[in-house]
Amino acid sequence: MTAVNRHFYVAIMAGGIGSRFWPYSRTDHPKQFLDILNTGKTLLQWTFERFAQFIPHENIFIVTHHHYVSKVKEQLPELLTENIVSEPSRKNTAPCIAYISHKINKQDPKANIICAPADHLIMDPIAFASTCLNALMFVQKHSALVTLGIKPTRPDTGYGYIQFETQQVADNVYPVKTFTEKPNLELARTFLQSGDFLWNAGIFVWNVKTILTAFNKYLPEIDELFLQSAGKLNTAEEKKVIENIYPQCTNISIDYAIMEKADNVYVIPSNFGWSDLGTWASAYENLERDEDGNAVQGKNVMLVDATNCMVKAPQEKLLVIQGLDEFIVVDTSDVLLICKKENEQQIKEYVAEVKRNKGEKFL
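Since the structure is predicted, the reported quantities are computational estimates derived from the model, not experimental observations.

J.: Describe the overall build of the chain, and please don't skip the residues or the numbers.
T.: Each helix and strand counted, the chain has 11 helices and 17 strands in total. For 363 residues, the compact-globule estimate of 2.2 N^0.38 gives 21 Å, and the chain sits close to it at 21 Å. Residues classed as buried in the chain amount to 56% of the 363 residues present. Element-wise, carbon and sulfur atoms account for 49% of the exposed surface of the chain, whose accessible area totals about 16,700 Å². Counting 36 positive and 43 negative side-chain charges, the chain places the averaged centre of each group 5 Å from the other.

J.: Outline the nonpolar core, supporting the account with residue identities and numerical values.
T.: The nonpolar side chains of a soluble globular protein tend to be buried with one another. Ranked by internal contacts, the top residues of the largest apolar core, which has 49 residues, are Trp206 and Ile258. A total of seven residues in this core trace back to one element, the largest contributor, which is helix α3 (residues 93-107). Contacts of tryptophan 206, omitting those with residues within four sequence positions, involve Ile97, Ala111, Asn112, Ile113, Cys115, Val139, Ala144, Leu145, Ile211, Ile254 and Met259. Val10, Ala116, Phe128 and Tyr161 belong to the second-largest nonpolar core, a separate cluster that totals 47 residues.

J.: Explain helix α11 (residues 347-358) residue by residue, including any values.
T.: The end-to-end C-alpha separation of α11 is 16 Å, in line with the 16 Å expected for 12 residues at 1.5 Å each. Here α11 has its buried residues at Ile347, Val351 and Val354. Each buried residue of α11 lies within a common arc of 55° when the element is viewed along its axis, so the set occupies one face. Facing away from the buried side of α11 by over 90 degrees, the exposed positions are Glu349, Arg356 and Asn357. On the buried face of α11, the contacting elements are α10 (280-285) and β17 (336-340). Immediately beyond the C-terminal end of α11, within one or two residues, lies glycine 359, with a positive phi of roughly 75°.

J.: Report on the side chain of glutamine 75, specifying residues and quantitative values.
T.: Note on placement: glutamine 75 falls in helix α2 (residues 69-75). Among the polar contacts made by the side chain of glutamine 75, one reaches the main-chain carbonyl oxygen of phenylalanine 33 at a distance of 3.0 Å. Among residues more than four places away in sequence, those in contact with glutamine 75 are Gln32, Phe33, Thr42, Leu44 and Gln45.

J.: Quick one: what's the story with the pairing of strand β2 (residues 60-65), residue by residue and with numbers?
T.: Across the six residues of β2, six count as buried, placing the element largely inside the fold. Strand direction decides the pairing type here: strand β1 (residues 8-13) and β2, joined by four bridges, are parallel. Considered in β2, the bridge of isoleucine 12 is made with isoleucine 62. In this sheet, strand β3 (residues 84-87) lies alongside β2 in parallel orientation, the contact comprising four bridges. Among the inter-strand pairings, histidine 65 is bridged to a residue of β3, identified as glutamate 87. In this region the chain leaves β2, passes through α2 and returns to the parallel neighbour β3; the handedness of that crossover is right-handed.

J.: Describe a negative patch on the surface, and please don't skip the residues or the numbers.
T.: There is a patch of like negative charges on the surface, built from Asp290, Glu291, Asp292 and Asp305. Looking at the secondary structure, you find aspartate 290 in the loop between α10 and β12 (295-297).

J.: Mind laying out the packing of α3 against helix α7 (residues 220-228), listing which residues take part and the relevant values?
T.: Where α3 contacts α7, the axes come no closer than 10 Å and their chain directions differ by 35°. Considering the relative orientation of α3 and α7, their crossing is right-handed. Where α3 abuts α7, its residues Pro95, Ala98, Tyr99 and His102 lie against Ile222, Asp223, Phe226 and Leu227. Along the lines of polarity and charge, the residues of the contact of α3 with α7 split into six nonpolar, one polar and one charged.

J.: Just give me the short version of the state of the cysteines, but keep the residues and values in it.
T.: In total, this model carries zero disulfides according to the counting rule given. Summary of cysteine pairing: cysteine 249 is not part of a disulfide, and the nearest cysteine sulfur, belonging to cysteine 96, is at 11 Å. Left unpaired, cysteine 309 is separated from the closest cysteine sulfur, that of cysteine 339, by 11 Å.

J.: Could you give an account of the pairing of strand β7 (residues 161-164), with specific residues and numbers?
T.: Going residue by residue along β7, you find Tyr161 and Gln163 tucked away on one face and Ile162 and Phe164 tucked away on the opposite face as well. Direction of pairing for β7 relative to strand β8 (residues 174-180): antiparallel, over a ladder of four bridges. In the strand pairing of β8, tyrosine 161 is matched with threonine 180. The pairing of β7 with strand β9 (residues 197-207) spans three bridges and is antiparallel. Considered in β9, the bridge of isoleucine 162 is made with leucine 198.

J.: Account for the environment of valine 304, with residues named and values stated.
T.: Structurally, the position occupied by valine 304 is in strand β13 (residues 301-304). A C-alpha to C-alpha distance of 6.1 Å links valine 304 and isoleucine 321, two positions 17 residues apart in sequence. Leave out the neighbours within four places in its chain, and valine 304 touches Ile321, Gln322 and Gly323.

Rules used throughout
Residues numbered from 1 in each chain as written. Predicted model: local features only at pLDDT ≥ 70, side-chain atom pairs only at ≥ 80, totals over all residues. Heavy atoms only, no water. Helix = DSSP H or I, 4+ residues; strand = E, 2+ residues; numbered from the N terminus. Rg over C-alpha atoms; globule rule 2.2 N^0.38 Å. Buried < 20%, exposed > 50% of the residue type's maximum accessible area, 1.4 Å probe, protein only. Areas by Shrake-Rupley, 256 points an atom, 1.4 Å probe, with all protein chains shown as cover. Lys, Arg positive; Asp, Glu negative; His and termini not counted. Charge placed at Lys NZ, Arg CZ, Asp CG, Glu CD. Core = buried A, V, L, I, M, F, W, Y, C linked by side-chain atoms within 4.5 Å. Contact = heavy atoms within 4.5 Å. Expected span 1.5 Å × (residues − 1). Arc of directions from axis to C-beta. Polar contact = N/O pair within 3.5 Å; in protein donor to acceptor, adjacent residues only side chain to side chain. Pairing = 2+ DSSP bridges. Right-handed = clockwise from strand over helix to strand, strands pointing away. Patch = residues over 30% accessible without salt bridge, like charges linked within 9 Å, V, L, I, M, F, W, Y side chains within 5 Å. Salt bridge = Lys/Arg side-chain N within 4 Å of Asp/Glu carboxyl O. Axes fitted to C-alpha atoms, helices over the stretch in contact; angles between N-to-C directions. Left-handed = near helix turned anticlockwise from the far one by under 90°. Nonpolar A, V, L, I, M, F, W, Y, C, P; charged D, E, K, R; others polar. Disulfide = S-S within 2.5 Å.

Given below as structure tokens:
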């Protein structure tokens, strides 16, 4: 590891509940801790290993909900216990990033940090490492907030889009013009054809001083909360302090809070086989399919006149499915979900409806 690399860090955000993968992903065991694609490793384990190729182990932090600390320890025994950062409640990505940024800043004011979700799929880890290192070296020298953008392959309405200037400021680094949240299909087609739009991967890179300056400017009320208690971070008093701070934090994403407002935002167009694995259809796209286009997980699933379906079932359970086309079927010990693939974005709404009508028993 070269001397410069000791200032390279990663904060892996692993506190979500993965409700779009319900009923397989549950509140007590969400998707980042699951082996969604039957690879033998969970999404969190893959993410850690990917970063451990080019970031020192001691500089890898996992930020997670306090309920999941034991799961992180269990799945990543090689991770330093003090690098598991516990959030007392879910407040979206801005408070999470403010917390870890202040914490790392106290440890290393020269830190350059990648903030990345725990549950993405990267098919080309070598290209990914190269892109990340390029970003880290850029933010080390420039006061820049960098996001990784994915070259779109289809007019997807499930992703946010980034429009970028055509003139690069460094090797493959471009100023960002606009962010657009999930567009309708017509707009997504226009974005794809224009060639200057990328999918927003939600992977961010910056120098710790740059992001803290941005918090001070665009989200001062949250920044002030952490600043007041910065002296107690990385001490025995940290847990108590954070439990006091979090209820006062706004529930807001880093995209809305800072990235869409700041004037020093840049994007690196990337191509490393990325999927956010946000939905069952994205899992379907990354699983082996039979001659009828069905992706099946479960050794006792029988399909009759069924095509292009995503089916997940317990290994020992017999499922006989007839006549379905383009459906998601997920069977667990206590919940059966049957949903048209085209309606999968509504699974989150179904989960909310279940909560209203049945309480939290099935969540």
